[in-house]
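Fold and contact review
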Amino acid sequence: MISMPKEESLRHFLKRLKPSLEFQSHFPHIKDGILSLLGLEKQHVVALCKLADIDVDDANKFGESAVSLSCTGWTLKTQGNGEKILISCDSCQRSIWSKAFNLISNEDIPVSQNDKDSSIADDSPSRKVKRLKKEDFNPFEEHRPWCLWIATEEDRQSFTCKENSTNSKSTKETNNVPGWKIFIKSLLGNVDEHQESELENTPSKEQIRGVRDLLETWANIA
């Protein structure tokens, strides 16, 4: 994955996130520590949700899941007659039944082994057994190994046995970074500048204290 302007990264982010909002009850619990690995903090989640017109209450409910999925290439969508909601990646074409995981909505619906992964033919027997117990969703582990969201260009070349020796030094450095990291770095350009602007326009405690002291001085003079 190559770096992109922040406006384009935001467009791609919203393109995945907004359709997923139709299936809010199917957002999975995200495995502990994922948000930190993504380099995201709570204020980033709230700010990104705001850009998607998600209010603060909903952001607190499922914002971490929604943002984590969209930042790592995943979208919630239906399959067939719409009865089954899948967590899907358009890049590696992997789709997994959302109810194979612990859902934020806490719906406790029995899960059969054959319904857990629409691409079950590609799963190893050990992976199928592992799925028998619901888990929190790990957006990294669920991608296929060669997916551009988790694999570096060097990784993908090892799968295809191709090598490009004409890359510049900067391009080679980018090629050694997984897609999700490149994407998030660009995406955060849409919120960090706004947050910095808000901080610049917000008076500090010292400034507020100084104004109060000045007002008290004027009151004493009067």
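Rules behind the numbers
Residues numbered from 1 in each chain as written. Predicted model: local features only at pLDDT ≥ 70, side-chain atom pairs only at ≥ 80, totals over all residues. Heavy atoms only, no water. Pairing = 2+ DSSP bridges. Helix = DSSP H or I, 4+ residues; strand = E, 2+ residues; numbered from the N terminus. Axes fitted to C-alpha atoms, helices over the stretch in contact; angles between N-to-C directions. Parallel < 35°, antiparallel > 145°, perpendicular 65-115°, else oblique. Contact = heavy atoms within 4.5 Å. Buried < 20%, exposed > 50% of the residue type's maximum accessible area, 1.4 Å probe, protein only. Core = buried A, V, L, I, M, F, W, Y, C linked by side-chain atoms within 4.5 Å. Polar contact = N/O pair within 3.5 Å; in protein donor to acceptor, adjacent residues only side chain to side chain. Salt bridge = Lys/Arg side-chain N within 4 Å of Asp/Glu carboxyl O. Phe/Tyr/Trp six-rings, centres within 6.5 Å; stacked < 30°, edge-to-face > 60°. Lys NZ or Arg CZ within 6 Å of the ring centre and 35° of its normal.

1. What about the sheet that holds strand β1 (residues 74-79)?
Read from one edge of the open sheet, 3 strands run β1-β2-β3, paired in antiparallel fashion. With one partner strand each, in any of the chains shown, β1 and β3 (94-97) form the two edges of the open sheet. Here the strands of the sheet are splayed against their neighbours by 35 degrees on average, with no regard to which way each runs. Judged from the 4 bridges that link them, strand β2 (residues 84-89) and β3 form a sheet pairing that is antiparallel. Looking at the pairing, Ile 87 lines up with Ile 96 of β3.

2. Some points on the packing of helix α1 (residues 6-20) against helix α8 (residues 179-187)
The N-to-C vectors of α1 and α8 enclose an angle of 110 degrees; their axes lie 8 Å apart at closest approach. In terms of orientation, α1 and α8 fall into the roughly perpendicular class. Across the interface between the two elements, Lys 6, Ser 9, Leu 10, His 12, Phe 13 and Arg 16 from α1 touch Phe 183, Ser 186 and Leu 187 from α8.

3. Some details on the pairing of β2
Burial runs high along β2: 5 of the 6 residues are buried. Note that β1 and β2 share 6 bridges and pair antiparallel. The residue of β2 that forms the bridge with Gln 79 is Lys 84. Where β1 folds back on β2, the antiparallel hairpin that results is connected by 4 residues, among which Gly 80 adopts a positive phi of roughly 65 degrees. Linkage of β2 to β3, two consecutive antiparallel strands, is achieved through a turn of 4 residues, within which Gln 93 is found at a positive phi near 60 degrees.

4. Points about the nonpolar core
Membership of the largest hydrophobic core comes to 43 residues, with the highest contact counts inside it found for Phe 13, Leu 40, Ile 54, Val 67, Phe 137 and Ile 184. Of all elements in the fold, only α1, α2 (34-37), α3 (42-51), α4 (56-71), β1, β2 and α8 reach the threshold of two or more residues within this core. Residue contributions to this core peak at 6 residues, all from α4. Apart from the residues lying within four places of it in its own chain, the contact partners of Ile 54 are Leu 17, Leu 21, Cys 49, Ala 59 and Phe 62.

5. Side note on the environment of Glu 41
Here Glu 41 shows up in the loop between α2 and α3. In this structure the C-alpha to C-alpha distance between Glu 41 and Glu 64, which are 23 residues apart in sequence, comes to 9.4 Å. Among the polar contacts listed, one links the side chain of Glu 41 to the side chain of Gln 43, at a separation of 2.6 Å.

6. Some thoughts on the pattern of salt bridges
The tally for this structure, following the rule as stated, stands at 3 salt bridges. Between Lys 18 and Asp 53 there is a salt bridge, with the nearest N and O atoms lying 3.7 Å from each other. Taken as a pair, Lys 18 in helix α1 and Asp 53 in the loop between α3 and α4 lie far apart in primary sequence, 35 residues in all. Judged by relative accessible area, which is 65%, Asp 53 ranks as exposed. The shortest N-O distance in the salt bridge between Arg 94 and Glu 142 comes to 3.0 Å. Separated by 48 residues along the polypeptide, Arg 94 in strand β3 and Glu 142 in the loop between α5 (125-131) and α6 (153-160) bring together distant segments of the chain. Since its relative accessible area comes to 3%, Arg 94 is described here as buried. With a relative accessible area of 5%, Glu 142 lands in the buried category.

7. Brief notes about the packing of aromatic side chains
Applying the stated criterion to the full structure yields 5 aromatic pairs. Note on Phe 27 and Phe 62: the rings are 5.2 Å apart at their centroids and 10 degrees apart in plane angle, and the pair reads as stacked. Placement of Phe 27 in the loop between α1 and α2 and of Phe 62 in helix α4 is noted, with a sequence separation of 35 residues between them. Taking relative accessible area as the criterion, Phe 27 reaches 1% and is therefore assigned buried. Note on Phe 62: relative accessible area 5%, which makes it buried. On the basis of an interplanar angle of 85 degrees and a centroid distance of 5.0 Å, the ring pair of Phe 101 and Phe 137 is categorised as edge-to-face. Here Phe 101, found in the loop between β3 and α5, pairs with Phe 137, found in the loop between α5 and α6; they are 36 residues apart in sequence, far enough to count as distant. Considered together, Phe 101 and Phe 137 belong to a single accessibility category, that of buried residues. Each residue in the set Trp 74, Phe 101 and Phe 137 is aromatic and connected to the rest through ring pairs, giving one cluster. Residue placement shows Arg 16 over the ring face of Phe 183; its charged tip is 5.0 Å from the ring centre. A cation over an aromatic ring shows up here: Lys 84 above the ring of Trp 97, its NZ or CZ 5.6 Å from the ring centre.

This is a description of form; function is not addressed.
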